[in-house]
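Listed here are the chains, written in short residue letters.
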Amino acid sequence: MTSIAEQQADSPSPDPYGALMEIARRPPITFTHGQGGLLWDSEGNRYLDFVQGWAVNCLGHCPTAVARALAEQSTRLLNCSPAYYSEPMTRYAEALTAAAGLDRVFFANSGAEANEGAIKLARKWGAKHRGGAYEIVTTVHGFHGRTLATMSASGKAVWDGLFEPKVAGFPKVPLNDLGAVEAVIGDKTVAIMLEPIQGESGVWPAEDDYLRSLRTLADERGLLLILDEIQTGMGRTGALFCFEHTGVLPDIMTLGKGIGAGTPLAALLAREAVCCFDPGDQGGTYNGNALMAAVGQAVLEQITAEGFLERVCEAGAVLRRGLESLSEKYGLSGVRGRGLLLALDLKPRADGFALVEKALAEGLLLNAPAPDALRFVPALNVSDAEIAEMLDMLDGLLKGP
Ligand SMILES: *Cc1c(COP(=O)(O)O)cnc(C)c1O
């Protein structure tokens, strides 16, 4: 038997900062600061950021509104436990539920935690009102987070066989196939859960009519419709919530990413009739803390300010047109997505990862969710000049060496 020290000597960490668990292949760059659409590293290099923390920093790096909310709230009250009311918590709960057209909210610290709560809420509702039904129909290639239950709910093929046994009760159907959903619904089904646009797997939109049909189907069969708007919500698609494009109101909705504009905040919202948690069923020491509630309020005010979402639509149209003309120029397979959640389909090319690496070396942060696609999730307040600079650099990259 080899000692742990010997094992370590045998396999030195490829991470130059070996104290960190290697949960991602990080490039050998250390970022020091950011402002708006730009980041700088410890060598003083400048980067144009079209990743923004994976669609998280919806107002760009270090937005004034967030800095101000953090500074002001941090001297008044940070946290008094979710078992008490605080002024920022109640005020923000009112504002967010009113904006969403849903009745109640549970605040969380990450998207996965909000989804975990959504799954628990649906199961509790099934136990109370649907004779113990607990199965939640989810989609192939869907992404809902990295806790055990949310990994089980996700349809990521590379996770098959990982951390077994999975949490049971998540039959999967292909996206945009209504018949497949109908076929899988049974006595044990309590809900249908999906992203309005599958983000992590490469920006694959649920069709508007499909979402409307799911709403009808859920109503007919007495099932809950759960929309994971963690990536699509908070203005990302040009509406405050993506469901607004279709008029489909979910029974349960989860929010994350942009909701905190770079700070750890997420939310689980639901219709009154679904809110069946009893005291003790759900909680968490940080949940709904005053500091994050104050930030969430400030972010919501920014996104719902006069003209903000119109500008997101406009920037989205500018970015889409630019990507479409690059697609034509280089014989690629077009653009998909909505607002400022867009993907360029690189097929017949499959060098997305190589393009991302080259872009980084030239000072541009891009993301390839798959080898044959690039995903664009800039700050929602991205400027036309930043879009033009990115498109120009991408043109150069596609042209090749
Ligand atoms: C990012 C994401 C999650 C997970 O959120 P975390 O904050 O990383 O836990 C869940 N669902 C969707 C659709 C996401 O994009």
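(A) View of the packing of helix α4 (residues 87–100) against helix α9 (residues 290–303). The contact between α4 and α9 brings their axes to 8 Å, and the two run at 35 degrees. Classified by chirality, the crossing of α9 by α4 is left-handed. Taking contact as the criterion, the partners of Pro88, Met89, Arg91, Tyr92, Ala95, Leu96 and Ala99 in α4 are, on α9, Ala290, Ala293, Ala294, Gly296, Gln297, Leu300 and Glu301. Its residues assigned to classes, the contact of α4 with α9 comprises ten nonpolar, two polar and two charged.

(B) Inspection of the nonpolar core at higher detail. By size, the foremost hydrophobic cluster in this structure holds 79 residues, and its most contacted members are Phe50, Leu194, Leu319, Leu366, Phe376, Met390 and Leu394. The element best represented in this core is α9, accounting for eight residues. Each of domain 1 (12–62 + 307–399) and domain 2 (64–303) accounts for three or more of the residues forming this core. Among all residues touching methionine 390, those that are not within four sequence positions of it are Leu48, Phe50, Leu319, Leu364, Leu366 and Phe376.

(C) Here's a closer look at the site of the ligand. The ligand sits among 13 residues. The nearest are Gly111, Ala112, Asp228, Gln231 and Lys257. Between the ligand and phenylalanine 143, the relevant distance is 3.2 Å, taken from a nitrogen atom to a main-chain nitrogen or oxygen of the residue. Between the ligand and lysine 257 there is a distance of 2.5 Å, counted from an oxygen atom to a side-chain nitrogen or oxygen. In the complex, the protein chains occlude 82% of the 380 Å² of accessible area that the ligand would expose alone.

(D) The arrangement of the domain arrangement of the protein in detail. Here the protein is partitioned into domain 1 (12–62 + 307–399) and domain 2 (64–303). Using only C-alpha atoms to locate each centre, domain 1 and domain 2 end up separated by 26 Å. At the interface, 24 residues of domain 1 touch 28 residues of domain 2. Contact between domain 1 and domain 2 buries roughly 2,300 Å² in total, counting both sides, with carbon and sulfur atoms accounting for 62%. The largest per-residue losses of area from domain 1 upon contact with domain 2 belong to Arg336, Arg338 and Leu341, which jointly make up 29% of the total buried on that side.

(E) Looking closely at the pattern of salt bridges. Tallied over the entire structure, the rule returns 22 salt bridges. Between glutamate 87 and arginine 91 there is a salt bridge whose closest N-O contact spans 3.9 Å. Of the two residues, glutamate 87 and arginine 91 are both situated in helix α4; the distance of four residues between them amounts to about one turn of the helix. Linking glutamate 272 and arginine 104 is a salt bridge whose minimum nitrogen-to-oxygen distance equals 2.9 Å. Placement of glutamate 272 in the loop between β12 (266–270) and α9 and of arginine 104 in strand β4 (residues 104–108) is noted, with a sequence separation of 168 residues between them. Taking the relative accessible area as the measure of exposure, glutamate 272 reaches 39% and is therefore partly exposed. Three or more residues joined by partner-sharing salt bridges are found here, namely Arg215, Asp219, Asp251 and Arg271.

(F) Representation of α4. Between its first and last C-alpha atoms α4 spans 20 Å; for 14 residues at 1.5 Å apiece the expected length is 20 Å, and the two agree. Looking only at α4, the buried set comprises Pro88, Met89, Tyr92, Leu96, Thr97 and Ala100. Along the axis of α4, the buried residues cluster in a sector spanning 140 degrees; they form a single face. Exposed residues lying more than 90 degrees from the buried face of α4 are Glu87, Glu94 and Ala98. Buried-residue contacts for α4 involve α3 (64–74), β4, β11 (252–255), β12 and α9. A positive backbone phi angle near 75 degrees is found at glycine 101, which sits one or two residues after α4.

(G) The arrangement of the side chain of asparagine 287 in detail. Mapped onto the elements of the fold, asparagine 287 is located in the loop between β12 and α9. Looking at asparagine 287, the relative accessible area reads 3%, which means it is buried. Polar side-chain contacts of asparagine 287 include one of 2.9 Å to the backbone oxygen of phenylalanine 107. Sequence-distant contacts of asparagine 287, defined by excluding residues within four places in its chain, comprise Pro82, Met89, Phe106, Phe107, Ala108, Asn109 and Glu113.

(H) Summary view of the sheet that holds strand β6 (residues 172–173). Reading across the sheet, the seven strands line up as β4-β12-β11-β10-β7-β5-β6 and stay open at both edges, with mixed pairing between neighbours. Strands with a single pairing partner mark the edges of an open sheet, and in this sheet they are β4 and β6. Sheet topology places strand β10 (residues 224–228) next to β11; three bridges connect them, and they run parallel. In the strand pairing of β11, isoleucine 226 is matched with isoleucine 252.

(I) Structural context of the sheet that holds strand β3 (residues 46–49). Reading across from one edge, β1-β2-β3-β15 is the order of the four strands in this open sheet, with mixed pairing throughout. Every other strand in the sheet has two partners, leaving β1 (31–35) and β15 (364–365) as the edge strands with one partner each. Strand direction decides the pairing type here: β3 and β15, joined by two bridges, are parallel. From the neighbouring strand, aspartate 49 faces β15, where its bridge partner is leucine 365. Running at roughly 100 degrees to β3, helix α12 (residues 384–399) makes contact with β3 and β15 of the sheet.

(J) Summary view of the side chain of asparagine 115. For asparagine 115, the location among the structural elements is in helix α5 (residues 111–129). By relative accessible area, which is 0% here, asparagine 115 ends up buried. Residues in contact with asparagine 115, not counting those within four places in the same chain, are His144, Thr150, Met193, Asp228, Ile230 and Thr254.

Reading guide: rules and limits
Residues numbered from 1 in each chain as written. Predicted model: local features only at pLDDT ≥ 70, side-chain atom pairs only at ≥ 80, totals over all residues. Heavy atoms only, no water. Axes fitted to C-alpha atoms, helices over the stretch in contact; angles between N-to-C directions. Helix = DSSP H or I, 4+ residues; strand = E, 2+ residues; numbered from the N terminus. Left-handed = near helix turned anticlockwise from the far one by under 90°. Contact = heavy atoms within 4.5 Å. Nonpolar A, V, L, I, M, F, W, Y, C, P; charged D, E, K, R; others polar. Core = buried A, V, L, I, M, F, W, Y, C linked by side-chain atoms within 4.5 Å. Buried < 20%, exposed > 50% of the residue type's maximum accessible area, 1.4 Å probe, protein only. Domains from an automatic or database assignment. Near = heavy atom within 4 Å. Polar contact = N/O pair within 3.5 Å; in protein donor to acceptor, adjacent residues only side chain to side chain. Areas by Shrake-Rupley, 256 points an atom, 1.4 Å probe, with all protein chains shown as cover. Buried area = accessible area lost by both parts, 1.4 Å probe. Salt bridge = Lys/Arg side-chain N within 4 Å of Asp/Glu carboxyl O. Expected span 1.5 Å × (residues − 1). Arc of directions from axis to C-beta. Pairing = 2+ DSSP bridges.

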